[in-house]
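The chain contents come next:
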Amino acid sequence: MTYADWEPVIGLEIHVELNTKSKLFSTALNHFGDAPNTNITEVCTGYPGALPVLNKEAVRKAVQFGCAIQAEVAKFSKFDRKSYFSPNSPCNFQITQHDQPIVKGGTIIAEIEGKEQSFAVNRVQLEEDAGTLIHFPTYDGIDYNRAGIPLIKIVSEPCIHSAQEAVAYVMAVKSILQCLDVSDCSMEEGSLLIDINISVRPKGVKELRNKIGIKKLNSFSFMELVIKSEVNRQIHAYLDNEKVVQSIYRWDADKKEMVLMGRKATADDYLYFPDPDLVPVILTQAYIDEIKQSLPEFPLQRKG
Amino acid sequence: MYKLSAIELRDQFFRGDVKAVDIIDYYLKRINALDKDVGAFLNLFHDQALKQAEALDKKKASGARLGKLAGIPIALKDNILVKDEIATCGSKFLTNFRSPYNASIVEMVLEEDGIIIGKTNMDEFAMGSSTENSALQKTRNPWNLKWVPGGSSGGSGAAVAARFAPIALGSDTGGSVRLPAAFCGVVGYKPTYGRVSRYGLVAYGSSMDQIGILATNTADVALMMEVIGRHCPKDSTSLHEECQDFLTHFKDSIKGMKLGVPWKFLEDLTDEPKSNFLNSIEILKMLGAEIVEIDLGILKYSVAVYNILASAEASSNLARFDGIRYGQRSERAKTLDEIYDFSKEEGFGPEVKRRIMLGTYVLSAGNRDAYYKKGQKVRTLISRAYKEAFSKCDLIAMPVSPFAAFEIGAVKGRLQIYMEDIYTIGVNLAGLPAVSIPNGLTKDGKPLGLQLIGPQKHDRNLLVAANVIEKGHTFKRAIPTLADKQFSP
């Protein structure tokens, strides 16, 4: 086999901070750039006895996006706890949607060299953001202003096959988000971040091979660079009869490099279970229809 | 003064027979004199309570409207948060934790001019049935200081029994209000899940936790329900219902009421608890109730289901106690992982660690289906069995516990301790309201309790019936000898 016999398989998870007035489960302000730990309540810092209450504005924005991509908006969805220990995760679990997300499926239409191309979305889930770790010479600080800000995580199918397609896909998603005014989409401020999963396989083969995950990319140019170099590296590894070890990297925006977070054969066990402090989200057809009818025009999506 | 009910005490204050300051001063002195032996309180709000009483006297003098709880001293279990006060939850981990906010029910109590006099002892994070799991102190049963007060709200049970406060609040996840009420010879009420806000109650098993009321009689319980039994926008599981009037609906008879008894499920009941229960059934008949048989055989699985589900939720709820933001941080810790490991190791007692490990186990990817998900399915079946039972009867009658209070340190087997909750746990799994009313003493003087259970949201019917049934019993509002005296300040 030669280099040209291989094709990249790329899946993207786009993390989008919604521009709601308050946070996903508390009344604290959702606002970027304020002094550390000013936009917090006892809910944001995970104090004992504090309970989450769902922000309806965040639900509405997630549904708007779901309608805009012609997805199925779930009339019943629920929130789950995802357990992991980290100082910026105040309860040591994140409230997310594990198996019943608010939006299922959907299509993103992007323009590539003048041609329209469709990309399949797997799901869109609502979840809360974590706080920010601030490193000092002899200690670390935590700013919980970001903790609890509503996110939608837009998960694509592994249907993207080049860096060019990946960039076009993200740009299309971004333009829908901006058109709907559901997010600031500021990559510099971290309100739009991209996780990439990359593997390669011989053309014509269906099975997926070991993938490399790169988390929290915040610019198109780095995304393009990272995809190109990673695809290149993996194909050469296989051509040289080497293995690609499944692993996860984090993008360090300051140093502009990939930092290895872990190599693992199996997925982490996040001890998922339904959050007993929250009730399921039940939406009516009338609610969904009303949102559909109030959508603005999209340059590409409306043809979809 | 200690013999008065909360309502009587308040009415004396309304009439001007007694000042709020005198009430609070009296109770604080009483606690200082008598609680050395009992150990009900972890923390007294001495100055704060007196200051509040002074303000209330001024408010009365000004002619302003007075709240429903005006002048009544109220004790809180130490897992209910009061702003700027320490809340330990009976754990070493939180001995330095001051709450930055009030629980919603604390706001409601203060709005109605109730006076919080202090915080009571409990099993660590409400995990236990005897208060012996408190990491901070022993609480003794006022009926006999060798006995446990029951748990996990044992401090609240002992405080009401010893007349340190006419009303105390506790929390009930698997029987933690009803059991100490029975062991201490007082009334214990567990409302419908969602009737009382959990905001500011430190969570143990969130889907079962419910704040409950301990008092010397059902009318005082009803009074407190009128204050705290209301919707709270900060708790997503709070019922969207109007706050109910209870006391105006109290009546004299339960004639024609159908009371279900799961006779088969109670087959193993022996000796005094059995004869005591049968005696209450006779009283119920005399009061005009019709006794019908119901099938609750499925409750034999309730202890197992409870231990799986409550532990699962607890393992997640207690993950936040990591030594980062509040509570104890191990001084030995040098790295982040050591902060987590050592702080939990030093801060948590054995029962808490056991349940965190069990909960993590039943939620792990390989075990979730076999334990957590299966437990949820059986929980649904239990709820269904109660629904089926309530198609045949208005209320269900059962004992509170298969045995009376035991000696401190006497029960060594955990399984035996867990089985103590066999009659109370099903109520939490199904989110039902239930009340424990004192219905007699064993030969050696241990109080026992009769449990009445209602369908979801039928809190008022249940308390109305409990009030009639309470009147039908000769054993009511009994005061333990130790506490049945004035004190010399």
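Refer to the structure presented above.
Because the structure is a prediction, the values reported are computed rather than measured.

Thresholds applied
Residues numbered from 1 in each chain as written. Chains lettered and ligands numbered in written order. Predicted model: local features only at pLDDT ≥ 70, side-chain atom pairs only at ≥ 80, totals over all residues. Helix = DSSP H or I, 4+ residues; strand = E, 2+ residues; numbered from the N terminus. Rg over C-alpha atoms; globule rule 2.2 N^0.38 Å. Buried ≥ 20, exposed ≤ 12 C-beta atoms within 10 Å, placed from the backbone. Contact = placed C-beta atoms within 7 Å. Axes fitted to C-alpha atoms, helices over the stretch in contact; angles between N-to-C directions. Parallel < 35°, antiparallel > 145°, perpendicular 65-115°, else oblique. Left-handed = near helix turned anticlockwise from the far one by under 90°. Nonpolar A, V, L, I, M, F, W, Y, C, P; charged D, E, K, R; others polar. Pairing = 2+ DSSP bridges. Core = buried A, V, L, I, M, F, W, Y, C linked by C-beta atoms within 7 Å. Arc of directions from axis to C-beta. Expected span 1.5 Å × (residues − 1).

J.: Mind showing me how you'd approach the overall build of chain B here?
T.: For chain B, the count of helices and strands is 15 helices and 11 strands. A compact globule built from 489 residues would reach a C-alpha radius of gyration of about 23 Å, and chain B, at 21 Å, matches this within 12%. Among the 489 residues that make up chain B, the fraction classed as buried is 58%. Put simply, 76% of the contacts in chain B that link residues at least 6 apart link residues at least 24 apart.

J.: Would you explain the packing of helix H1 (residues 56-68) of chain A against helix H2 (residues 163-180) of chain A in this entry?
T.: In a packed pair of helices, the relevant descriptors are the angle between the two axes and the axis-to-axis distance. Residues and elements named next belong to chain A. Running from N to C, H1 and H2 cross one another at 125°; their axes reach a closest spacing of 10 Å. Taken together, the axes of H1 and H2 lie oblique to each other. For H1 against H2, the interelement crossing comes out right-handed. Taken together, the residues of H2 that come into contact with H1 (itself represented by Gln64, Phe65 and Ala68) are Ile176, Leu177 and Leu180. A class-by-class count of the residues in the contact of H1 with H2 yields five nonpolar, one polar and no charged.

J.: In this structure, what is going on with the sheet that holds strand S8 (residues 290-293) of chain B? I would like to understand it.
T.: One key point about sheets: their strands pair by backbone hydrogen bonds, in either a parallel or an antiparallel sense. Residue and element names in this part refer to chain B. Taken in spatial order, the 11 strands make up an open sheet running S1-S3-S2-S4-S6-S5-S10-S11-S9-S7-S8, and their pairing is mixed. Each edge of the open sheet carries a strand with a single partner, namely strand S1 (41-44) and S8. Neighbour-to-neighbour, the strand axes of the sheet open up by a mean angle of 30°, direction not taken into account.

J.: Looking at this model, I keep getting lost on the nonpolar core. Mind explaining?
T.: Side chains that are nonpolar tend, in soluble globular proteins, to be buried together. In this structure, Tyr169(A), Ile74(B), Ile117(B) and Leu452(B) are the most contacted members of the largest nonpolar core, which totals 226 residues. It is H2(A) that contributes the most residues to this core, nine residues altogether. Discounting residues that sit within four places of it in the chain, Ile74(B) has contacts with Val109(B), Gly114(B), Ile115(B), Ile116(B), Ile117(B), Ala165(B), Ile167(B), Ala168(B) and Leu169(B).

J.: Any chance you could explain the interface of chain B and chain A here in plain terms?
T.: Reports of interface size often rely on the accessible area that becomes lost once the parts have come together. Each partner contributes to the interface: chain B provides 31 residues, whereas chain A provides 25 residues. Top element by residues in the side of chain B that touches chain A is helix H9 (residues 302-317) of chain B. It accounts for three residues. Taken together, the residues of the side of chain B that touches chain A sort by class into 16 nonpolar, eight polar and seven charged.

J.: Whenever I open this one, the sheet that holds strand S4 (residues 80-83) of chain A confuses me. Can you help?
T.: The three strands are arranged S5-S4-S16 (chain A) in an open sheet whose pairing can be described as antiparallel. Sheet topology places strand S5 (93-96) and strand S16 (273-274) of chain A at the edges, where each strand pairs with a single neighbour.

J.: I tried to follow the packing of H1(A) against helix H4 (residues 285-293) of chain A on my own but got confused; where do I start?
T.: Residue and element names in this part refer to chain A. Between H1 and H4, whose axes approach to 9 Å, the crossing angle comes to 65°. On the basis of the axis angle, H1 is roughly perpendicular to H4. Handedness of the H1/H4 crossing: right-handed. Judged by residue contacts, Arg60, Val63, Gln64 and Cys67 of H1 engage Ile288, Ile291 and Lys292 from H4. Taken together, the residues of the contact of H1 with H4 sort by class into four nonpolar, one polar and two charged.

J.: What is the right way to read the environment of Pro350(B) from this model?
T.: Turning to its location among the elements, Pro350(B) is positioned in helix H11 (residues 350-363). Taking the C-beta count within 10 Å as the criterion, Pro350(B) has 10 such neighbours and is therefore assigned exposed.

J.: What is the right way to look at the environment of Ser311(B) in this model?
T.: Residues and elements named next belong to chain B. Inspection of the secondary structure puts Ser311 in helix H9. With 26 C-beta atoms counted inside 10 Å, the residue Ser311 sits in the buried group. Expressed as a C-alpha distance, the spacing of Ser311 and Ile356, which sit 45 residues apart in the sequence, is 6.3 Å. Aside from chain neighbours lying at most four places away, what touches Ser311 is Arg355, Leu358, Gly359 and Val362.

J.: Looking at this structure, I do not really get the environment of Arg250(A). What am I missing?
T.: All names here are of chain A. Within the element layout of this structure, Arg250 appears in strand S14 (residues 247-252). Distance in space between the C-alpha atoms of Arg250 and Ala28 is 29 Å, their sequence separation being 222 residues. If sequence neighbours within four positions are ignored, Arg250 has contacts with Lys215, Lys216, Val259 and Met261.

J.: So what exactly am I meant to see when it comes to helix H1 (residues 6-15) of chain B here?
T.: Since the α-helix advances by 3.6 residues per turn, residues separated by three or four positions end up pointing in the same direction. All names here are of chain B. Within H1 the residues assigned to the buried category are Ala6, Ile7, Leu9, Arg10 and Phe13. Considered in projection along H1, the buried side chains sweep an arc of 160° and stay on one side of the axis. On its buried side, H1 packs onto helix H2 (20-38), strand S4 (167-171), strand S6 (211-215) and helix H7 (218-228). Immediately beyond the C-terminal end of H1, within one or two residues, lies Gly16, with a positive phi of roughly 85°.

J.: Would you mind going over the pairing of strand S15 (residues 257-263) of chain A with me for this structure?
T.: Consecutive side chains along a regular strand alternate between the two faces of the sheet. All names here are of chain A. As paired strands, S14 and S15 are joined by six bridges and run antiparallel to one another. Across the sheet, residue Asp252 finds its bridge partner in S15, namely Glu257. From the end of S14 to the start of S15, which pair antiparallel, there are four residues, and Lys256 there has a positive phi angle of about 55°.

J.: Honestly, the pairing of strand S9 (residues 132-135) of chain A in this entry has me stumped. Any pointers?
T.: Residues and elements named next belong to chain A. Direction of pairing for S9 relative to strand S10 (residues 140-143): antiparallel, over a ladder of four bridges. Considered in S10, the bridge of His135 is made with Asp140. The antiparallel pairing of S9 with S10 creates a hairpin that spans four residues between the two strands.

J.: Help me understand helix H3 (residues 220-239) of chain A in this model?
T.: Residue and element names in this part refer to chain A. Between its first and last C-alpha atoms H3 spans 29 Å; for 20 residues at 1.5 Å apiece the expected length is 28 Å, and the two agree. Taken together, the buried positions of H3 are Met223, Val226, Ile227, Glu230, Val231, Gln234 and Ile235. For H3, the angular spread of the buried residues around the axis is 150°, confining them to a single face. Exposed positions of H3 whose direction lies more than 90 degrees from the buried face are Ser221 and Ser229. Next to the buried residues of H3 lie strand S1 (6-17), H2, strand S12 (192-202), strand S13 (212-217) and S15. Asn241 sits one or two residues past H3 and shows a positive phi near 60°.

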